[in-house]
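Architecture and fold: a report
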Amino acid sequence: MTEIHRSIDVVLVGFGWTGAILAHELTAEGLQVLALERGGWRDTPTDFPTTHAPDELRYYWRHEMFQETAQETQTFRNRRGQTALPIRRWGSYLPGVGVGGAGVHWNGQTFRFLPSDFLARSHNQERYGALPDDMTVQDYPVTYDELEPHFDRFEKLCGICGQAGNLQGDLRPGGNPFEGWRSNEYPNPPMEMTFSQDRFKASARDMGLNPFPAPSANMSRAYTNPLGVRMAPCTYCGFCEKFGCGNYSKASPQTTILPVVMQQSNFRLRTHCDVLHVNKDRDNTRATGVTYIDAHGQLHEQPAQIVILCGYQLSNTRLMMLSGIGEIYDPATGQGQLGRNYTYQVMSGVDVFFDDAFTNEYIGAGALGMVVDDYNGDNFDHSGLGFIGGAYIACWTTHARPIESQPVPEGTPEWGSEWKRALQQNFLRHTSLSVHGASMAHRENYLDLDPTYKDRYGRPLMRMTYDFTANDRRLSEHITPVAAQIARGMGGREIKVNALDAHYDIWPYQTTHNTGGTIMGETPADSVVNRYLQSWELHNLFVMGAGVFPQNAGYNPTATVAALAYWSAHAIRTQYLRAPGPLVQV
Ligand SMILES: Cc1cc2nc3c(=O)[nH]c(=O)nc-3n(C[C@H](O)[C@H](O)[C@H](O)COP(=O)(O)OP(=O)(O)OC[C@H]3O[C@@H](n4cnc5c(N)ncnc54)[C@H](O)[C@@H]3O)c2cc1C
Ligand code: SF4
């Protein structure tokens, strides 16, 4: 029998980055807030002490902090017409599970999107003419200027380390000259760079490019954030991405917000509670709460005045589909919004091998890098190139973890004594450049429900249909050679270019930057949520995360995810609570 609980003001589905932000914002408003998290409790001293945090086998290869596919997965295919198959082991991206979500094991590369990224359709059409019909690229219904204060808040919360390139319109040497204006300098100075970044910077400068230190959520010095939570300087241990930081040096929900939120008497957290359904009233205008299942298999109904989905892009989209909120997108007709404009990232790279120098890449951090943005977004003239969008080129020194990192030059056998000799020779004398590009929305890339495969509760899995488009390939073909040229200028013995694969492959890790599916827009005819991330259908349902991006950009998403979460929380606090109802009239 379902256990029915007393109604609460706000229920949060998922307790990662966006859940933590919303919990803090709404408890500050005096609301009773409950977070339901499908995974367990996790904290720095108990779960990632420095003694075992750097356990590559346990955390990366055995996926201790990622969602188990035996419990929840999805199906995948490249194109409509193919049969999608279930993902039995995560590869290309790694959905998080447990308190802190993927915010525990992210790198901390914390970029703001460019102002023109928010106008991906209108800006590009104005400059280059009409886009092809099958490119469903769409503007955001919110501008960079509106989000700027919220980017600023997230950067202060996390203590982001960097160097401003555009301080209130004043261009600053050494920063990113293409970035949107910022109201404040970064809270902390850039991280210490290593040999590889110095060589990258010199080579990029020789080419007339504008290198700048990557904005990093790994601390360059001790920092106390505006909530009074303290972080320690990073030790450059190199076990950031896919790991929790045992040193309190990487901004995460645990190191920035939870020490405050967990003390609030009007906040409660229930772990091991998997939300199965968002419940609605008969008129289909309000969410009445959620149904979840606990670790003992007991079903619960949690009524709430406001329901907020904070379960990461993939989970939020599926939950809305399973709850019958909105019409699922059909690429054959173009009807339906839910699942539309799924996009991702277009990744390529270049390895550089040195003879006469040690790069010592094992001394690194998740966001230790030097970047050029000259080929990102619309920072360069695309006339006649046949694509829109761009990529940053970066020299990251994130790690040289012994199992994951096996840098060998082109032509080396894949096993045996020759492979071992090459690895021994190059392990300490290698670095790499990465090209991190935008995948532009396309009519045929989307999410829906699988007609065949079901989860352990008998509910359809979500099906992903995704492949790189002609735009993606041209983008990568244009920008990867620039990275190769920078690499050549770094003075190594040889380079190896790792081009974009012809087709998207779900297996090798690329990024956990899945976007779209619950996109924001101007009207219910072009989106799932309005400019305040409020469902068009159920006015007391709000949806967080990168699922609301109508279009991805050439950057990591989390700063924009967080800025939108603050923006939405502000609208709930200042508008919705005063007059509950649709915040945008159409
Ligand atoms: C290895 C890795 C490296 C990354 N590096 C970067 C980076 O350098 N820069 C960057 O910008 N971004 C990075 N990201 C992405 C970043 O982590 C995400 O953008 C961010 O965590 C998204 O926040 P979120 O709140 O939407 O989801 P999450 O932080 O993942 O939180 C979602 C939470 O909801 C829970 N949940 C989901 N469904 C349910 C349900 N039905 N019921 C109950 N609970 C549920 C999950 O268990 C999870 O804890 C990285 C991600 C990964 C995995
Ligand atoms: S590199 Fe720095 S931030 Fe990352 S896990 Fe190590 S100490 Fe923490």
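Computed from a predicted model, the values in this text were never measured in an experiment.

1. Things to note about the overall build of the protein
Looking only at helices and strands, the protein has twelve helices and 22 strands in total. Over its C-alpha atoms the protein spans a radius of gyration of 23 Å, differing by no more than 12% from the 25 Å that the globule rule assigns to 586 residues. With respect to the three principal axes, the spread of C-alpha positions in the protein is 70 × 55 × 55 Å. Every one of the 586 residues in the protein was classed for burial, and the buried ones make up 62%. Across the protein, every contact between residues at least 6 apart in sequence was considered, and the portion connecting residues at least 24 apart equals 76%. A gap of 4 Å separates the mean positions of the 48 positive and 61 negative side-chain charges of the protein.

2. A few points about the site of ligand 2
The environment of ligand 2 is made up of 13 residues, and the closest members are Cys 234, Cys 237, Phe 239, Cys 240 and Cys 245. The residue makeup of the shell around ligand 2, split by class, is six nonpolar, six polar and one charged.

3. With respect to the sheet that holds strand β4 (residues 74-77)
Strands sit in the order β5-β4-β20-β19 across an open sheet of four strands; the sheet is mixed. Every interior strand has two partners, whereas the edge strands, β5 (85-86) and β19 (446-454), have only one. Pairing of β4 with strand β20 (residues 460-465), which is carried by four bridges, proceeds in the parallel orientation. The residue bridging Gln 74 from the neighbouring strand is Met 462, located in β20.

4. What to know about the packing of aromatic side chains
This structure, assessed with the given rule, holds 34 aromatic pairs. Summarising the aromatic geometry, the rings of Phe 111 and Trp 396 are spaced 6.3 Å apart at their centres and angled 75° between planes, so their arrangement reads as edge-to-face. With a gap of 285 residues between them, Phe 111 in the loop between β5 and α4 (120-128) and Trp 396 in strand β17 (residues 391-396) connect regions that are remote in the sequence. What makes Phe 111 buried here is its relative accessible area of 3%. Between Tyr 344 and Tyr 504, the ring centres sit 5.4 Å apart and the planes meet at 70°, which makes this aromatic pair edge-to-face.

5. Comments concerning the site of ligand 1
Neighbouring residues of ligand 1: 38 residues in total, closest Thr 18, Glu 37, Gln 109, Ser 315 and Thr 558. Contact distances for ligand 1 include 3.2 Å between an oxygen atom and a backbone N or O atom of Gly 108. At 2.7 Å, a side-chain N or O of Thr 558 approaches a nitrogen atom of ligand 1. Within the complex, 98% of the 990 Å² of free accessible area of ligand 1 lies under protein.

6. Quick look at the environment of Lys 496
Mapped onto the elements, Lys 496 comes out in strand β21 (residues 494-498). Note: C-alpha distance between Lys 496 and Glu 410 (86 residues apart in sequence) is 6.1 Å. Not counting residues up to four positions away in its chain, the partners in contact with Lys 496 are Gly 349, Val 350, Asp 351, Phe 353, Val 408, Pro 409 and Glu 410. There is a polar contact of 2.8 Å between the side chain of Lys 496 and the backbone oxygen of Val 408.

7. Side note on the environment of Asn 279
Within the secondary structure, Asn 279 is located in strand β12 (residues 274-280). Note: C-alpha distance between Asn 279 and Ile 325 (46 residues apart in sequence) is 9.6 Å. In this view, Asn 279 contacts Arg 286, Ala 287, Thr 288, Gly 289, Val 290, Thr 291 and Glu 301; residues no more than four positions away in its chain are not counted.

8. Some points on the sheet that holds strand β16 (residues 369-372)
One open sheet accounts for six strands, arranged β8-β16-β17-β18-β15-β21; its pairing is antiparallel. With one partner strand each, in any of the chains shown, β8 (212-213) and β21 form the two edges of the open sheet. Across four bridges, the pairing between β17 and strand β18 (residues 430-438) is antiparallel. Within β18, the position partnered with Tyr 392 by the bridge is His 436.

9. Details of the pairing of β19
In summary, the side chains of a regular strand alternate between the two faces of the sheet. Judged from the five bridges that link them, β19 and β20 form a sheet pairing that is antiparallel. The partner of Lys 454 across the bridge, within β20, is Pro 460. Following β19, the chain reverses through five residues before pairing antiparallel with β20; Gly 458 in that reversal takes a positive phi of roughly 85°.

10. So, the nonpolar core
What tends to happen in soluble globular proteins is that the nonpolar side chains get buried as a cluster. Within the largest apolar cluster, 121 residues are counted, with the highest numbers of intra-cluster contacts made by Leu 22, Tyr 93, Phe 154, Val 307 and Ile 308. Here this core takes twelve residues from helix α12 (residues 558-576), the largest share from any one element. With sequence-adjacent residues up to four places away left out, Leu 22 is seen in contact with Leu 12, Ile 308, Met 544, Ala 565, Ala 569 and Ile 572. Within the second largest apolar cluster, 24 residues are counted, among which are Val 350, Cys 395, Ile 486 and Met 490.

11. Describing a nonpolar patch on the surface
Taken together, Phe 358, Tyr 362, Ile 363 and Leu 428 make up a surface patch of nonpolar side chains, about 350 Å² in accessible area. Within the secondary structure, Ile 363 is located in the loop between β15 (345-353) and β16.

12. Regarding the state of the cysteines
Applying the stated criterion across every chain yields a total of zero disulfides. With no disulfide partner, Cys 158 has as its closest neighbouring cysteine sulfur the one in Cys 161, 10 Å distant. On the accessibility criterion, Cys 158 (0% relative accessible area) is buried. In this structure Cys 273 is not part of a disulfide, and its nearest cysteine sulfur, from Cys 310, lies 15 Å away.

13. A closer look at the layout of surface pockets
Computed from the structure, the second largest pocket encloses a volume of approximately 580 Å³. As for the second largest pocket, its lining consists of 29 residues, and the residues nearest its centre are Arg 38, Gly 39, Gln 71, Val 97 and His 272. Those elements giving two or more residues to the lining of the second largest pocket turn out to be α2 (44-47) and α3 (56-61). Classifying every residue of the lining of the second largest pocket by side-chain character gives nine nonpolar, ten polar and ten charged.

What counts and how
Each chain carries its own residue numbering, running from 1 in the written order of its sequence. Here every chain gets a letter starting at A, and every ligand a number starting at 1, in the order they are written. With pLDDT at 70 or above as the cut-off, local features in this predicted model cover only qualifying residues; side-chain atom pairs require 80 or more to be listed or tallied, and sums for whole chains, interfaces and linings still use all residues. Hydrogens and waters are ignored; side-chain quantities use all the structure's heavy atoms. What counts as a helix is a DSSP run of H or I of at least four residues, what counts as a strand is a run of E of at least two, and both are numbered from the N terminus. Our radius of gyration looks at C-alpha atoms and nothing else; its globule reference is 2.2 Å times the residue count to the power 0.38. Buried residues are those whose accessible area, probed at 1.4 Å on protein chains only, stays under 20% of the maximum for their type, while exposed residues exceed 50% and partly exposed ones sit between those limits. The contact rule is simple, with two residues in contact once any of their heavy atoms fall within 4.5 Å. Counted as positive: Lys and Arg. Counted as negative: Asp and Glu, with His and the chain ends omitted from the count. Throughout, a charge is located at the NZ atom of Lys, the CZ atom of Arg, the CG atom of Asp or the CD atom of Glu. In this text, near means that some heavy atom of the residue lies within 4 Å of the molecule or strand in question. The classification used treats Ala, Val, Leu, Ile, Met, Phe, Trp, Tyr, Cys and Pro as nonpolar, Asp, Glu, Lys and Arg as charged, and all other residues, Gly among them, as polar. Strand pairing follows a simple DSSP-based rule, namely that at least 2 bridges must link the two strands. Two aromatic rings, drawn from Phe, Tyr or Trp (for Trp, its six-membered ring), form a pair once their centres lie within 6.5 Å of each other, and the interplanar angle then sorts them: stacked below 30 degrees, edge-to-face above 60, tilted otherwise. Between N or O atoms, a polar contact is any pair within 3.5 Å; within protein, one atom must be a potential hydrogen donor and the other a potential acceptor, and residues adjacent in sequence are included only when both atoms are from side chains. Each accessible area is a Shrake-Rupley result for a 1.4 Å probe, and residues are judged covered by the shown protein chains and nothing else. We call a set of buried Ala, Val, Leu, Ile, Met, Phe, Trp, Tyr and Cys residues a nonpolar core when their side-chain atoms join them within 4.5 Å. Exposure above 30% relative accessible area and the absence of a salt bridge qualify a residue for a patch, where like charges join within 9 Å and nonpolar side chains (Val, Leu, Ile, Met, Phe, Trp, Tyr) within 5 Å. Salt bridges, as used here, are contacts in which a Lys or Arg side-chain nitrogen is within 4 Å of a carboxyl oxygen on Asp or Glu. Any pair of cysteine sulfurs within 2.5 Å is marked as a disulfide. In this analysis the probe radius is 1.4 Å and the grid spacing 1 Å, with only protein atoms considered; a cavity is a set of points the probe fits into but cannot get out of, a pocket is an open set with protein on both sides within 12 Å along at least five of seven lines, and lining residues have an atom within 4 Å of a point. Grid points are joined across faces, edges and corners, and a volume is the space filled by probe spheres set on the points.

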